[in-house]
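One-letter residues, chain by chain:
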Amino acid sequence: QVQLVESGGGLVQAGGSLRLSCAASGSIASFYAMGWYRQAPGKQREMVAAIARTGNINYADSVKGRFTISKDNAKNTVYLQMNSLKPEDTAVYSCYAHILSTGTQWGQGTRVTVSS
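Residues numbered from 1 in each chain as written. Predicted model: local features only at pLDDT ≥ 70, side-chain atom pairs only at ≥ 80, totals over all residues. Heavy atoms only, no water.

**Things to note about the overall build of the protein**
The helix and strand inventory of the protein stands at zero helices and eleven strands. Going residue by residue from the N terminus, the α and β elements of the protein occur as β-β-β-β-β-β-β-β-β-β-β. The C-alpha atoms of the protein give 13 Å as radius of gyration, which agrees with the globular expectation for 116 residues (13 Å, within 12%). Structurally, the protein occupies a C-alpha span of about 40 × 25 × 25 Å along its principal axes. Counting across all 116 residues of the protein, residues that qualify as buried make up 42%. Of the contacts made within the protein by residues no fewer than 6 positions apart, 53% connect residues no fewer than 24 positions apart. (Helix = DSSP H or I, 4+ residues; strand = E, 2+ residues; numbered from the N terminus. Rg over C-alpha atoms; globule rule 2.2 N^0.38 Å. Buried < 20%, exposed > 50% of the residue type's maximum accessible area, 1.4 Å probe, protein only. Contact = heavy atoms within 4.5 Å.)

**Regarding the nonpolar core**
Generally speaking, soluble globular proteins have nonpolar side chains that are buried together. Met34, Trp36, Leu80, Met82 and Tyr93 are the most contacted members of the largest nonpolar core, which has 30 residues in total. Only β3 (18–24), β4 (33–39), β5 (46–52), β7 (67–72), β8 (77–82), β9 (91–99) and β11 (110–115) provide two or more residues apiece to this core. The biggest single contributor to this core is β9, with five residues. Every residue in contact with Met82, bar those within four places of it in the chain, is listed here: Gly16, Ser17, Leu18, Leu20, Arg66, Phe67, Tyr93 and Val112. (Core = buried A, V, L, I, M, F, W, Y, C linked by side-chain atoms within 4.5 Å.)

**Description of the pattern of salt bridges**
A side chain of one charge can pair with a side chain of the opposite charge if their charged atoms are brought near each other. Under the counting rule described, the total for this entry stands at four salt bridges. With a closest N to O distance of 3.1 Å, Lys64 and Asp61 form a salt bridge. Across the pair Arg66 and Asp89 runs a salt bridge whose closest N-O atoms are separated by 2.7 Å. With a gap of 23 residues between them, Arg66 in the loop between β6 (57–59) and β7 and Asp89 in the loop between β8 and β9 connect regions that are remote in the sequence. In this pair, the class of Arg66 matches that of Asp89, namely buried. (Salt bridge = Lys/Arg side-chain N within 4 Å of Asp/Glu carboxyl O.)

**A look at the sheet that holds β8**
Here we have four strands laid out as an open sheet, ordered β1-β3-β8-β7, and antiparallel in their pairing. Only two strands of the sheet have a single partner each, and these edge strands are β1 (4–7) and β7. Strand-to-strand twist in this sheet, taken as the mean axis angle between neighbours without regard to direction, amounts to 15°. Judged from the four bridges that link them, β1 and β3 form a sheet pairing that is antiparallel. Note that in β3 the partner of Val5 across the bridge is Ala23. (Pairing = 2+ DSSP bridges. Axes fitted to C-alpha atoms, helices over the stretch in contact; angles between N-to-C directions.)

**Observations concerning the environment of Thr77**
Topologically, Thr77 is positioned in strand β8. With 31 residues separating them along the chain, Thr77 and Glu46 place their C-alpha atoms 21 Å apart. Aside from chain neighbours lying at most four places away, what touches Thr77 is Ser21, Cys22, Ala23, Ile28, Ser70, Lys71 and Asp72. In this structure the side chain of Thr77 is engaged in a polar contact, spanning 2.8 Å, whose partner is the backbone oxygen of Lys75. (Polar contact = N/O pair within 3.5 Å; in protein donor to acceptor, adjacent residues only side chain to side chain.)

Right under this line is the structure:
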């Protein structure tokens, strides 16, 4: 089973930037898709960004133009560059991988706090 480990979360002021990383224990080149969800306190989990094996990318409307998802197959890592952060971006961010053979795998999550 593939393990996903997120890093890069923390506390940042509004307008600042963070880069989240999601390192996989196996080769991500064959994964159907990878991406990020987030869940803020008292709110439902929402998709933030996703990148498919084909390279196709999707973003939530709330982060378009501010967040960028990318992947490095050689490092088996997916990144989420977050710029112009807002207090409403405060949440636990979790990485996922859609793997055709084993289903969806999730990381433990990393907390992002944006202060106003």
